[in-house]
Structures are given as structure tokens and as C-alpha cells.
Amino acid sequence: IGSSLQALFDGTSLQGAALWQSLDALLSKKNPNAVVILSHVGTWDEKIELPPSPSESLFECVRRISGDHFEMKTRDGKNSDFELVLLRRRRSML
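A short tour of the structure in this document, coming up.

**Some points on the side chain of E60**
Within the secondary structure, E60 is located in strand 2 (residues 59-66). For E60, a relative accessible area of 19% corresponds to the buried category. Side-chain polar atoms of E60 contact the side chain of R88, separated by 2.6 Å. Leave out the neighbours within four places in its chain, and E60 touches L50, L86, L87, R88, R89, R90 and R91.

Here you go:
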């Protein structure tokens, strides 16, 4: 996704963050196997972080995969700090 959607990833450690509200509207509540795969920065303040208390979170992280695994590079050829993040609804929420 482009930089115009960057705000979607702000404040992900808070339950009311835009990302969690968007996923709640878009990700199937009936299909326990529904997942979303996001590619995003895996370092610094921009890293996707779930709310600290599992009871506060509608979603859980299934897996994080470093972009290094896929030899992701920046435009100038340097190693990328991106990662793939696989998320699904918390199983206890279904």
C-alpha cells in the first residue's frame, strides 16, 4: 500500500486504532481460517504491535516473517526493514 494509507498503521498498540477497526469491518467473523497478510515496517515506532492485553485485542498475530527471508530490498538496493505480518481474529473471540 502507498504512503497515503500510512496513518492506518498508527497507534496499533491501542485497541481503537484505525487498523483494528478496519480489519474488524473487513475480515470475516464467520470463517475462523480467515487471515490478512500485511507488509509493513518491522522496526521502530511503525512496527505493527497488538494491544498489550490479549483480552483487549480482537486479533492475534499468527506469524511475522522478516523481509530478509524473501530478500526484500529498498529502492536503492539496501536490505529492507519490512516484514510480512499474518493476522487473524483471536480464536477465543470466535
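Read on, since the account is not over.
**Some details on the sheet that holds strand 3 (residues 82-89)**
Ordered in space as 1-3-2, the 3 strands form an open sheet in which the pairing is antiparallel. Where the open sheet ends on each side, the last strands, each with one partner, are strand 1 (35-41) and strand 2. Put simply, the sheet's adjacent strands are angled 25° from each other on average, direction ignored. Summarising the sheet, strand 1 and strand 3 pair through 7 bridges and their orientation is antiparallel.

**Some remarks on the nonpolar core**
Judged by nonpolar contacts, the single largest core of 13 residues is most densely connected at L19, W20, L23, L38, I48 and L87. The element best represented in this core is helix 1 (residues 18-26), accounting for 3 residues. Among residues more than four places away in sequence, those in contact with W20 are T12, L14, Q15, I48, E49, L50, P51, F59 and L87.

**Thoughts on the environment of D10**
One can find D10 in the segment before helix 1. In this structure D10 comes out as partly exposed when scored by relative accessible area, which is 48%. Here the alpha-carbon distance between D10 and K47, two residues 37 residues apart in the chain, equals 9.0 Å.

**What about the environment of R91?**
Relative to the elements of secondary structure, R91 occurs in the segment after strand 3. Since its relative accessible area comes to 40%, R91 is described here as partly exposed. For the pair formed by R91 and F59, sequence separation is 32 residues and the distance between their alpha carbons is 8.4 Å. Setting aside its immediate chain neighbours within four residues, R91 contacts P32, N33 and E60. A distance of 3.3 Å separates the side chain of R91 from the backbone oxygen of P32, its partner in a polar contact.

Reading the values: rules and limits
- Residues numbered from 1 in each chain as written.
- Predicted model: local features only at pLDDT ≥ 70, side-chain atom pairs only at ≥ 80, totals over all residues.
- Heavy atoms only, no water.
- Helix = DSSP H or I, 4+ residues; strand = E, 2+ residues; numbered from the N terminus.
- Buried < 20%, exposed > 50% of the residue type's maximum accessible area, 1.4 Å probe, protein only.
- Polar contact = N/O pair within 3.5 Å; in protein donor to acceptor, adjacent residues only side chain to side chain.
- Contact = heavy atoms within 4.5 Å.
- Pairing = 2+ DSSP bridges.
- Axes fitted to C-alpha atoms, helices over the stretch in contact; angles between N-to-C directions.
- Core = buried A, V, L, I, M, F, W, Y, C linked by side-chain atoms within 4.5 Å.

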